[in-house]
Amino acid sequence: MQLQVKNIQGKAVKTIDLPESIYKVELNEHVLHHVVKAHLANQRQGTHATKTRSYVSGGGKKPYKQKGTGGARSGSTRANIYPGGAQSHGPQPRDYRLKVNKQVRTLALKIALSDKVASGKLIVVDSLGFDKYSTKAVVTALKALDAPKALLADVAGDGFLYRSARNIHGATAMAVSEFNVVDLLRYEALIISEKG
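Basis of the calculations
Every chain is numbered independently, its residues counted from 1 as its sequence is written. A pLDDT threshold of at least 70 governs which residues receive local features in this predicted model, and a stricter bar of 80 or more applies before side-chain atom pairs are shown or counted, although totals over entire chains, interfaces and linings include all residues. Calculated side-chain values reflect all of the structure's heavy atoms, with hydrogen atoms and water omitted. Relative accessible area decides the class of each residue, using a 1.4 Å probe on protein chains only: under 20% of the type maximum gives buried, over 50% gives exposed, and in between gives partly exposed. Helix and strand labels come from DSSP, where a helix needs a run of H or I of at least four residues and a strand needs a run of E of at least two; each type is numbered from the N terminus. Paired strands are those between which DSSP finds at least two bridges. Polar contacts, as used here, are pairs of N or O atoms within 3.5 Å; protein pairs need one atom able to donate a hydrogen and one able to accept it. Residues neighboring in sequence count only if both atoms are side-chain atoms. Residues are treated as being in contact if the distance between any of their heavy atoms lies within 4.5 Å. Residues counted as positive are Lys and Arg, residues counted as negative are Asp and Glu, and His and the chain ends are not counted. Salt bridge, as used here, is a side-chain nitrogen of Lys or Arg placed within 4 Å of a carboxyl oxygen of Asp or Glu.

(A) Expanded view of the pairing of strand β3 (residues 122-125). Side chains Leu122 and Val124 of β3 all project onto a buried face; the interleaved residues Ile123 and Val125 project onto the opposite face, where all are buried too. Bridging between strand β1 (residues 2-6) and β3 involves 2 bridges; their strand directions are parallel. Bridge pairing in β3 links Val5 to Val124. Of the strand pairs in this sheet, β3 and strand β6 (residues 189-193) are connected by 4 bridges, and their pairing is parallel. Across the sheet, Leu122 pairs through a bridge with Leu190, a residue of β6.

This is the structure:
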């Protein structure tokens, strides 16, 4: 399949061939959902913790006698019904990680890329090389390419692109080796250099 290559002024320069095995994969929402859910779950630290009655300090003495008060029997002022008491059934530290096979992750990436091509939101440019730090230059390029909210992807380089794009709302730049399915779905368009 053919795709136009543009320059950062938005003008077509040439066409390139895209492999259909990567850029023409049928949409599979189940695979995308599975990979995105796992990615977001794996970012959770799981360090939340609440104190149960065995961890709250104090409460060693029985607050009042067992019988004769007319009230419910109680053995500790650190039960969850008392002020200063524990929390029952609160969150405890746990591991949220979900395992996803490498082939499934690769397939999800192909599906996301294919969806960008099908919706006309994959923009290949001849070069994303900037010779200085300039947020204005990146914003101008985004307007020329008609993609104000985009993920800019290039090979890891000198960092001019990444630092110039980090202050733009709705857009970001990263190396091709770093982005994943969540990044592709989060941004409306993908602007990628031909080298990338």
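(B) Layout of the side chain of Asn7. With respect to the helices and strands, the residue Asn7 is situated in the loop between β1 and β2 (12-17). Polar contacts involving the side chain of Asn7 include one to the main-chain amide nitrogen of Lys11, which spans 3.0 Å. Among all residues touching Asn7, those that are not within four sequence positions of it are Val13, Val125, Asp126 and Leu145.

(C) Layout of the pairing of strand β4 (residues 150-154). Taken across its 5 residues, β4 has 5 buried, putting it largely inside the fold. Along β4, one buried face is formed by Ala150, Leu152 and Asp154 and the opposite face, lined by Leu151 and Ala153, is buried too. Both β4 and strand β5 (residues 172-175) contribute to a ladder of 4 bridges, which runs parallel. Paired with Leu151 across the two strands is Thr172, which belongs to β5.

(D) Expanded view of the side chain of Lys116. Among the structural elements, Lys116 can be located in helix α3 (residues 102-118). Salt bridges are absent for the buried Lys116, whose nearest opposite-charge side chain, Asp115, sits at 5.3 Å. Contact partners of Lys116, with chain neighbours within four places excluded, come to Lys121, Leu122, Leu184, Tyr187, Glu188, Ala189 and Leu190.

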